[in-house]
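Reading the structure
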Amino acid sequence: MNGLLILLIIVLLGVAAWQLSKIFSLTQLGTKRDDSGVANDRDNNINGYLMFAFVAFIYIVTILSFIKCGSFVLDTPASEHGKEVDSLMNISMVIIFIVQTLTQFLLHYFAFKYRGKEGQKALYFADNNKLEAIWTIIPVIVLAVLILYGLYTWNQIMYVDEDEEVINVELYAKQFAWEARYSGEDNTLGKANVRYIKDVNTVGVDMSDPASQDDKVVAEIHLPVGKKIHFRMRSQDVLHSAYMPHFRAQMNCVPGMVTEFAFIPTLTTAEMRGTTMMMKKVNGINKIRAKKSQALIAEGKPALEPYTFDYLLLCNKICGASHYNMQLKIVVESEADYKKWLASQKTIADAVKEANAPKVDPAAVTPEAAATVVVDSTKKVAEVVAKK
Ligand SMILES: [Cu+2]
């Protein structure tokens, strides 16, 4: 609401300035040398040089963006296919950068060069086949190469060999949290449907499916380094997107269908924390935190905790009010550590059993209740005796 008001004030100020300038030019009537309203050579020269000023502005913003935002680039990818995604991205960005730098310069240079001059008429021609062929064929070739290279890379990334040994993990998205399900000993995810969601069965696993019994629903993702992980994504409500930026992986989570993505993590969390780029980044974040903490302490509030890097699964579709908070920690570790962690997790079958077991607290049993139990059992014995 405040933003809207500020925008309204800016618009009104603009209108007021424009009206004032109109009044000012009306007061100057008769005093100016040229009040015909037709651009003269002086106007054309000013606009011509302003074209150069604008192209300089674009270049300065570009250079400043590199300096200011260059450190936000993610650097070393933590997955095997990440290098391919990065090189595709780099090639596209370099081409876009060169083409944009050149075409912006040419556009503004020609606007300057052919600025209006008194008595000069613009040359008019209806078409030029040679020119049109050049500016059609060159972009077609460049785009075709980029698209074909992109398709080839995408197919390589998305291909999962049926016989390949993979770890099957399900990512379950909902407003506004992630849950993950591991396939257990049989390495097969049991059937699931939103209709089976009940109590502790928060991801809707079909408990009548034998493959579901050893499945494990976990609160954080652990992955063994160097092993292929086959993720299957589902959504409970709206469109979400499973985004694991450090692994260069993203896939939409669509309600009513299962989507997939597989990759091999190549750097453990500890290894990633040790890279020069990451140490620089973490130091930078902690410097900002330390500064903010000083202000917080001055206000009598607790200081901020220092930041340590962790891989994250994020949501990359604006799916509602708390979309920003939809994240799950990912730990990449050695296979031995991963196995140890997985063994310590409870199966969904056990969790359901535990939740359904009648809770009897011996301390809570009153003498009256205990007496009722005794009476009941006596009745049962009496019934049995009577039947005989
Ligand atoms: Cu989401």
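All values derive from a computational prediction rather than experimental measurement.

Summing up its helical and strand segments, the protein has 9 helices and 10 strands in all. For the protein, whose C-alpha radius of gyration is 34 Å, the value lies well above the compact-globule estimate of 21 Å for 388 residues. Projecting the C-alpha coordinates of the protein onto the three principal axes gives extents of approximately 125 × 55 × 45 Å. A total of 388 residues make up the protein; the buried ones form 16% of that total. Within the protein, contacts between residues at least 6 apart in sequence are counted, and of these 68% link residues at least 24 apart.

We now examine the nonpolar core. With 36 residues, the main nonpolar core has Leu171, Ala173, Trp178, Phe231, Ala242, Leu313 and Ile330 as its most contacted residues. Looking at this core, the element that brings in the most residues is strand S1 (residues 167–174), giving 4 residues.

Further remarks concern the UniProt feature "domain: Cytochrome oxidase subunit II transmembrane region profile" (unreviewed entry) in the protein. The sites that UniProt annotates as "domain: Cytochrome oxidase subunit II transmembrane region profile" (unreviewed entry) are residues 66–161. As annotated, residues 66–161 has a helix share of 69% and a strand share of 0%, and its two end C-alpha atoms lie 40 Å apart.

This paragraph deals with the sheet that holds strand S7 (residues 249–253). Taken in spatial order, the 5 strands of this open sheet run S4-S10-S9-S6-S7, and their pairing is mixed. Whereas interior strands pair on both sides, the edge strands pair on one side only; in this sheet they are strand S4 (221–224) and S7. The average undirected angle you get between the axes of adjacent strands in this sheet is 25 degrees. Note that S4 and strand S10 (residues 327–333) share 4 bridges and pair parallel. Among the inter-strand pairings, Leu223 is bridged to a residue of S10, identified as Val332. Taken strand by strand, helix H7 (residues 335–343) contacts S4 and S10, and its axis lies near 145 degrees from that of S4.

Pairing between the strands of a sheet is mediated by backbone hydrogen bonds and can be parallel or antiparallel. Across the sheet, 5 strands lie side by side as S3-S2-S1-S5-S8; this open sheet has mixed pairing. The strands lining the two open edges of the sheet, one partner per strand, are strand S3 (216–218) and strand S8 (259–263). The mean angle between the axes of side-by-side strands here comes to 25 degrees, regardless of whether they run parallel or antiparallel. In terms of strand pairing, strand S5 (residues 229–235) meets S8 through 5 bridges, oriented antiparallel. Within S8, the position partnered with His230 by the bridge is Ala262.

Before going further, it helps to spend a moment on the UniProt feature "domain: Cytochrome oxidase subunit II copper A binding" (unreviewed entry) in the protein. If you check UniProt for "domain: Cytochrome oxidase subunit II copper A binding" (unreviewed entry), the listed places come out as residues 164–344 in our numbering. For the annotated span residues 164–344, helix accounts for 21% and strand for 30% of the residues, and the straight-line distance between the end C-alpha atoms is 26 Å.

About the thresholds
- Within each chain, residue numbers correspond to sequence positions counted from 1 in written order.
- Note on the predicted model: pLDDT of at least 70 is required for a residue's local features to be given, and 80 or more for side-chain atom pairs to be given and counted; whole-chain, interface and lining totals, by contrast, use all residues.
- The secondary structure listing takes helices from DSSP runs of H or I that are at least 4 residues long and strands from runs of E that are at least 2 residues long, numbered from the N terminus.
- Both definitions apply: the radius of gyration is a C-alpha atom measure, and the globule rule equals 2.2 Å times residues to the power 0.38.
- Any residue whose C-beta has 12 or fewer other C-beta atoms within 10 Å is treated as exposed, any with 20 or more as buried, and any in between as partly exposed, C-beta atoms being built from the backbone.
- Note on contacts: residues are paired as contacts if their backbone-placed C-beta atoms lie within 7 Å.
- Think of a nonpolar core as buried Ala, Val, Leu, Ile, Met, Phe, Trp, Tyr and Cys residues chained together by C-beta atoms that fall within 7 Å.
- UniProt positions are given in the numbering used here, feature names are shortened, and annotations may be inferred rather than shown by experiment.
- For two strands to count as paired, DSSP must find a minimum of two bridges between them.
- For helices, the fitted line uses only the C-alpha atoms of the stretch in contact; every axis is such a line through C-alpha atoms, and the angle between N-to-C directions lies from 0 to 180 degrees.

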